[in-house]
Amino acid sequence: MKTEILKILRENSGYVSGQELCRRLGVSRTAIWKTMQQIKADGYEVEAVPNKGYRFVREPEDLLNESEIKSRIALEEIGCQVYFKEEVDSTNTWAKKLAEEGAPSGTLVCADAQTRGKGRRGRSWESPRGSSLYMSLILKPDILPLHASTLTLVMGLSVAEAIREKTGLDAGIKWPNDVVVSGKKLCGILTEMSAQMDYVEYVIIGVGINVNRKEFPKELSDMATSVELELGHKISRADLAAKVMEHFEKNYQIFLKTGDMSVLRSDYDKVLVNRNRQVKVTSPGGHCEGMALGINDKGELLVECSDHEIREVYAGEVSVRGLYGYV
Ligand code: ATP
């Protein structure tokens, strides 16, 4: 009910009467009053005027919980269920457990801190409390397992679009899975999957975004940034999470029509920071240097090497770096 009341009050800049809330939610005045006390305890300033009703005066600056996120999402599939915890080991691990227990496609989990945030290839994602977004989305798409890793690119594009829209920052993508601003990493994405030979059981897309934090440990400070560092002020994490999901649903529906990046490719290439830059591609089998041209329909990075041959680089085991730095 908290979610519904937050939604209704946010939609209305004026007063909403207690009677109207009772009617829309099908509950008693006492129930509304009790929930209103909880909302106030969360830090909302709510004005209650007799014969007029309730009105938001001010929302807390950056409150993150289930109703904060849920009340901002009104999508078809994505965010159909939202779960929140103060702390988890890894949101991807939590999401996997829920997916196996039957959570529907579109379920979103989010935590305020991770004790063992995961990166690709066994790396870790540094996840302190109270400042960033750590969320994982469960999807059960009807696609071939070999197409599932492309969802990393779909999420990367969605995060970049959401950051651009919400903050005006020039967010770009370092292929395949990092969202960067000013040449530094703002967001990492980790896609994991459970599949049979020709059937995807579920896909988990984990997203870590550095939002309201001003400091990083020494080993990350040269390569990591946050929304607050770039923008100079804090933003609402719940708002940003909802915006990312909004863009993701739109892009995901486009992706599902073809199972590849053919339609999204031009949007992706527009924000691809590696494009027309010299890159070094490192994989267990060796490395190559060349000019990154953009992606193909499969989401592979096209790199023109010094012998003018164009290589199609598959994301799997690969790391891409600029010749003179991280991007
Ligand atoms: P590469 O750029 O080498 O391909 P990656 O994309 O495989 O790296 P991820 O799995 O996305 O890397 O993220 C893990 C890496 O990101 C860590 O090894 C660390 O260097 C860096 N990192 C960890 N936590 C953060 C953070 N909060 N913000 C920015 N960077 C981080």
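Preceding this paragraph is the structure being described.
What counts and what doesn't
- Residues numbered from 1 in each chain as written.
- Predicted model: local features only at pLDDT ≥ 70, side-chain atom pairs only at ≥ 80, totals over all residues.
- Heavy atoms only, no water.
- Helix = DSSP H or I, 4+ residues; strand = E, 2+ residues; numbered from the N terminus.
- Polar contact = N/O pair within 3.5 Å; in protein donor to acceptor, adjacent residues only side chain to side chain.
- Contact = heavy atoms within 4.5 Å.
- Buried < 20%, exposed > 50% of the residue type's maximum accessible area, 1.4 Å probe, protein only.
- Salt bridge = Lys/Arg side-chain N within 4 Å of Asp/Glu carboxyl O.
- Pairing = 2+ DSSP bridges.
- Axes fitted to C-alpha atoms, helices over the stretch in contact; angles between N-to-C directions.
- Core = buried A, V, L, I, M, F, W, Y, C linked by side-chain atoms within 4.5 Å.
- Parallel < 35°, antiparallel > 145°, perpendicular 65-115°, else oblique.
- Near = heavy atom within 4 Å.
- Areas by Shrake-Rupley, 256 points an atom, 1.4 Å probe, with all protein chains shown as cover.
- 1 Å grid on protein atoms, 1.4 Å probe; cavity = no way out; pocket = protein on both sides within 12 Å on 5 of 7 lines; lining within 4 Å.
- Sits in = over half its atoms within 2 Å of the grid points.
- Nonpolar A, V, L, I, M, F, W, Y, C, P; charged D, E, K, R; others polar.

Undergrad: Would you mind showing me how to read the environment of K280 here?
TA: Within the fold, K280 resides in strand β10 (residues 278-283). Taking C-alpha positions, K280 is 5.7 Å from V320, a pair spaced 40 residues apart along the chain.

Undergrad: Just checking my understanding: could you explain the side chain of R72 for this structure?
TA: Structurally, R72 is set in the loop between α4 (66-70) and β3 (82-88). Separated by 2.6 Å, the side chains of R72 and E68 make a polar contact. Polar contacts involving the side chain of R72 include one to the side chain of D239, which spans 2.6 Å. In contact with R72, other than residues within four places in its own chain, are R10, E59, S236, A238, D239 and A242.

Undergrad: Explain helix α1 (residues 2-11) to me, please; I cannot follow it from the model alone.
TA: Note on helix geometry: an α-helix contains 3.6 residues per turn, so any two residues three or four positions apart are oriented the same way. By the burial criterion, the buried members of α1 are T3, I5, L6, I8 and L9. Where α1 is buried, its residues touch α2 (18-25), α3 (29-41), β2 (53-58) and α4.

Undergrad: Honestly, the pattern of salt bridges in this entry has me stumped. Any pointers?
TA: Working definition: two side chains of opposite charge can pair if their charged atoms are close together. Across all of its chains, the model carries 32 salt bridges by this definition. Between R55 and E47 there is a salt bridge whose closest N-O contact spans 2.8 Å. A relative accessible area of 24% places R55 in the partly exposed class. Overlapping salt bridges bring together R10, E59, E68, R72, K166 and D239 as one network.

Undergrad: Would you mind going over the sheet that holds strand β7 (residues 178-181) with me for this structure?
TA: On the basis of which strands lie adjacent, the open sheet formed by seven strands has the order β3-β4-β5-β9-β8-β7-β6 and mixed pairing. Of all the strands in the sheet, the pair left with one neighbour each is β3 and β6 (172-174). Averaged over all neighbouring strand pairs, the angle between strand axes comes to 20 degrees, with direction disregarded. Inspection of the sheet shows strand β5 (residues 132-139) paired to strand β9 (residues 199-210) by eight bridges, in the antiparallel sense. Along β9, the bridge assignment pairs L133 with I209.

Undergrad: Explanation requested: the nonpolar core in the structure shown.
TA: Grouped burial of nonpolar side chains is what soluble globular proteins tend to show. In terms of nonpolar packing, the biggest core is built from 66 residues, with M135, L151, M155, V159, W175, I209 and F248 touching the most fellow members. Every residue in contact with V159, bar those within four places of it in the chain, is listed here: V179, C187, I189, V207, I209 and V244. The next biggest cluster of nonpolar side chains, apart from the first, holds 14 residues, and it includes V16, I32, Y44 and Y54.

Undergrad: For this particular structure, what's the right way to read the packing of α2 against α3?
TA: A packed helix pair is summarised by two numbers, namely the angle formed by the two axes and the spacing between the axes. With their axes 9 Å apart at the nearest point, α2 and α3 run at an angle of 105 degrees to one another. Between α2 and α3, the angle is such that the two are roughly perpendicular. Across the interface between the two elements, G18, Q19, L21, C22 and L25 of α2 pack against R29, I32 and M36 of α3.

Undergrad: Explain the site of the ligand to me, please; I cannot follow it from the model alone.
TA: In the neighbourhood of the ligand, 19 residues make up the surrounding shell, with R120, E126, N210, S319 and R321 lying closest. For the ligand, an oxygen atom lies 2.4 Å from a polar atom in the backbone of R120. Between K185 and the ligand, the recorded distance is 3.0 Å, taken from a side-chain N or O atom to an oxygen atom. Expressed as a share of its isolated accessible area of 640 Å², the protein-covered part of the ligand is 92%. With respect to the pocket detection grid, the ligand is positioned in the largest pocket. In terms of residue class, the shell around the ligand is built from five nonpolar, five polar and nine charged.

Undergrad: Any chance you could explain the sheet that holds strand β13 (residues 310-313) here in plain terms?
TA: Strand pairing in a sheet takes place through backbone hydrogen bonds and is either antiparallel or parallel in direction. Taken in spatial order, the five strands line up as β13-β12-β11-β10-β14 in an open sheet, and their pairing is antiparallel. Of all strands in the sheet, those with a lone pairing partner are β13 and β14 (319-322), marking the two edges. If you compare each strand with its neighbour and ignore which way they point, the axes differ by 45 degrees on average. Two strands pair when backbone bridges link them, and strand β12 (residues 301-305) and β13 are joined in this way by four bridges, in the antiparallel orientation. Note that in β13 the partner of E304 across the bridge is I310.

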